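# Tertiary structure, described
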Amino acid sequence: MTHIDDGQLIALIDGALPGEDTRIAEVHLDRCAVCRAARDRLAGRLERFGALLRAEEGRVESKRRWAFTHDRRAVLAAGIALTIAVATTAPVRAWLVDGWSEPKTGTVPDPVSESVSTLRFPSERSLVVSFGQRQASGHLTIESTSGGMIEWISTDSTVELVLVDGRLEVENNHGTRGDYALRVPASHVDLAVFVEGTEVWSSSTGALASARIPVGHR
Amino acid sequence: MDAAAYFRAHHEMLVRYLARLSGDHELAEDAAQEAFARLHRSPPRHQDEIRGWLFRVGTNLVWDAKRRSSTRRRLLATRVPGAFLGDQPRRPDDEAHSAEVRGHVRAALDRLHAKERSALLMREEGFSHREIAQAVGTTTGSVGTILARALEKLARELSLDGEDAG
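Quantities reported herein were computed from a predicted structural model and do not represent experimental measurements.

Right, let's get into the overall build of chain B. Counting its secondary structure elements, chain B contains eight helices and zero strands. Counting from the amino terminus, helix and strand elements in chain B follow one another as α-α-α-α-α-α-α-α. Within the span of chain B, comprising 166 residues, buried residues form 42% of the whole. A fraction of 57% describes how many contacts in chain B between residues 6 or more apart in sequence connect residues 24 or more apart. Here chain B displays about 9400 Å² of accessible surface, and carbon together with sulfur accounts for 50% of that area.

Have a look at this one:
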């Protein structure tokens, strides 16, 4: 008896044999245990191969997701560690901590004036305010306790001035850098400079020709 | 032809098949995209051939990419001796480790001939023997033989026979 070859058995399993061939094959299978065993063996192989393939893909996908998640965690951890490392280095710490605190210490940092004590408020005088090298954005208050006019002569239109109850408030909303001159009439003998609500200079503590005031390092 | 509808209907299946075929999901995505682009530019004459056409084009794109990559590696290896460790004979434990990393089924598939792999994987996607024959370039009557040959090889490697299969 001639047996059905494996190729034809697979075609039979998949319904790919032409009609007449299918009928002949089925008649043969009814009588041939060898071919029935071969058909069952092939059908089992096909089924198990599909199951193994899908199972392995599931495992690989699960591993890939696990690795992806842990990669992200590793990147996050590395990012945090790097941030801490950078933040604790001296220059960065100085920038973060000292830079922030400077305007609040009540001192006028980095004076550019050659004189801080000899100036006695002549009839007209200038106070130069620089917003420093960094893009500054903040709030500067020039307060006169004796009243009268304070004239702002800066030509920079980005600096907004509001004169309220003798207080001249300077808001550098645009982060403009540069020097600004403030002309103060002689009558304004009591003058104080506030940065972020903290008095950083006052005429009672010493005359100041000019000062570099880091307005609102934030 | 509603290209969007064909994309929705076949894209996922095509990518899965090409990824199984190549073992490279990125390559599969690229090849599938290119196959759909070609479908848009020059579709087959008969709509009922579109699925088989997409798989045939995708298969060819994957094999072309693999061939190019292989050629580049060979060229580089001849100019820069030792550039690729993969060109050296592998030790059995390297093979075992590689199979462990890639997966045993993946590794076994990689050892099949191109036609055997395509035929088996297309069958897994539910293609008929006629469609498989068109895609791999053979007769419908030969597909069963190709599948049987592939299964014979895999049965040894993956223990597909018996209760301890897999």
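To continue, consider the nonpolar core. Of all hydrophobic cores here, the largest spans 62 residues; its most connected members are Phe49 of chain A together with Leu14, Leu18, Leu54 and Leu120 of chain B. Not counting chain neighbours up to four residues away, the residues in contact with Phe49 of chain A comprise Val105, Leu109, Leu120, Leu121, Glu124, Leu151, Leu154, Leu158 and Leu160 of chain B.

Quick look at the side chain of Arg45 of chain A now. The residue Arg45 of chain A is located in helix 3 (residues 33-87) in this model. Among residues more than four places away in sequence, those in contact with Arg45 of chain A are Leu151, Glu152, Ala155, Leu160 and Asp161 of chain B.

Right, let's talk about helix 1 (residues 6-13) of chain A for a bit. Of all the residues in helix 1 of chain A, the buried ones are Gly7, Leu9, Ile10, Ala11 and Leu12 of chain A. If you check the start of helix 1 of chain A, you find a side-chain oxygen 3.0 Å away from the backbone N of Gly7 of chain A, and it comes from Asp5 of chain A.

It is worth spelling out the interface of chain A and chain B at this point. The interface of chain A with chain B comprises 19 residues on the first partner and 26 residues on the second. Surface buried jointly by chain A and chain B totals about 2000 Å² across both partners, of which 61% is contributed by carbon and sulfur atoms. The three residues of chain A that bury the most area against chain B are Arg45, Phe49 and Glu56 of chain A, which together make up 34% of that side's buried surface. There are four salt bridges connecting chain A and chain B. Its salt-bridge partner being Glu152 of chain B, residue Arg45 of chain A comes within 2.8 Å of it at the nearest N-O pair. At the surface where chain A touches chain B, the tally comes to nine residue pairs in polar contact (both at pLDDT 80 or more). Secondary-structure elements contributing two or more residues to the side of chain A that touches chain B are helix 1 and helix 3 of chain A. It is helix 3 of chain A that contributes the most residues to the side of chain A that touches chain B, 13 residues altogether. For the side of chain A that touches chain B, a count of residues per class yields nine nonpolar, two polar and eight charged.

Moving on to the packing of helix 7 (residues 129-136) of chain B against helix 8 (residues 140-158) of chain B. Residue and element names in this part refer to chain B. Following both chains from N to C, one finds helix 7 and helix 8 inclined at 85 degrees, their axes separated by 8 Å at the closest point. Classified by the angle between their axes, helix 7 and helix 8 sit roughly perpendicular to one another. Here His129, Arg130, Ile132 and Ala133 of helix 7 lie close against helix 8, whose contacting residues are Thr140, Val143, Gly144 and Leu147. Residue composition of the contact of helix 7 with helix 8, by class: four nonpolar, three polar and one charged.

Quick look at the side chain of Glu131 of chain B now. Residues and elements named next belong to chain B. Structurally, Glu131 can be placed in helix 7. Engagement of the side chain of Glu131 in a polar contact is seen with the side chain of Arg51, the distance being 3.0 Å. Not counting residues up to four positions away in its chain, the partners in contact with Glu131 are Arg51 and Met122.

A few words now on the packing of helix 1 of chain A against helix 8 of chain B. Two elements in contact, helix 1 of chain A and helix 8 of chain B, have axes separated by 7 Å at closest approach and are oriented at 105 degrees. Classified by the interaxial angle, the pair formed by helix 1 of chain A and helix 8 of chain B is roughly perpendicular. In this structure, helix 1 of chain A uses Asp6, Gly7 and Ile10 of chain A to contact helix 8 of chain B, whose residues at the interface are Gly144, Thr145, Leu147, Ala148 and Leu151 of chain B. Its residues placed into classes, the contact of helix 1 of chain A with helix 8 of chain B shows four nonpolar, three polar and one charged.

This part takes up unusual backbone geometry. Here Ser159 of chain B, not a glycine, exhibits a phi torsion of approximately 50 degrees, which is positive. Along the polypeptide, Ser159 of chain B turns up in the segment after helix 8.

Residue and element names in this part refer to chain B. Counted according to the given criterion, the structure contains three aromatic pairs over all chains. Relative to Phe55, the ring of Tyr17 has its centre 5.0 Å away and its plane inclined at 35 degrees; by these criteria the two rings are tilted. Taken together, the residues span a long stretch of sequence, with Tyr17 in helix 1 (residues 3-22) and Phe55 in helix 3 (residues 50-79) at a distance of 38 residues. When its relative accessible area of 0% is taken as the criterion, Tyr17 is described as buried. Owing to a relative accessible area of 0%, Phe55 belongs among the buried residues under this scheme. Cluster of aromatic residues (ring-pair linked, three or more members): Tyr17, Phe55 and Phe127. Its end group placed over the ring of Phe127, Arg51 keeps NZ or CZ at 3.9 Å from the ring centre.

Cut-off values and rules
- Residues numbered from 1 in each chain as written.
- Chains lettered and ligands numbered in written order.
- Predicted model: local features only at pLDDT ≥ 70, side-chain atom pairs only at ≥ 80, totals over all residues.
- Heavy atoms only, no water.
- Helix = DSSP H or I, 4+ residues; strand = E, 2+ residues; numbered from the N terminus.
- Buried < 20%, exposed > 50% of the residue type's maximum accessible area, 1.4 Å probe, protein only.
- Contact = heavy atoms within 4.5 Å.
- Areas by Shrake-Rupley, 256 points an atom, 1.4 Å probe, with all protein chains shown as cover.
- Core = buried A, V, L, I, M, F, W, Y, C linked by side-chain atoms within 4.5 Å.
- Polar contact = N/O pair within 3.5 Å; in protein donor to acceptor, adjacent residues only side chain to side chain.
- Buried area = accessible area lost by both parts, 1.4 Å probe.
- Salt bridge = Lys/Arg side-chain N within 4 Å of Asp/Glu carboxyl O.
- Nonpolar A, V, L, I, M, F, W, Y, C, P; charged D, E, K, R; others polar.
- Axes fitted to C-alpha atoms, helices over the stretch in contact; angles between N-to-C directions.
- Parallel < 35°, antiparallel > 145°, perpendicular 65-115°, else oblique.
- Phe/Tyr/Trp six-rings, centres within 6.5 Å; stacked < 30°, edge-to-face > 60°.
- Lys NZ or Arg CZ within 6 Å of the ring centre and 35° of its normal.

Everything listed here is a matter of coordinates, which is why it stays silent on function.
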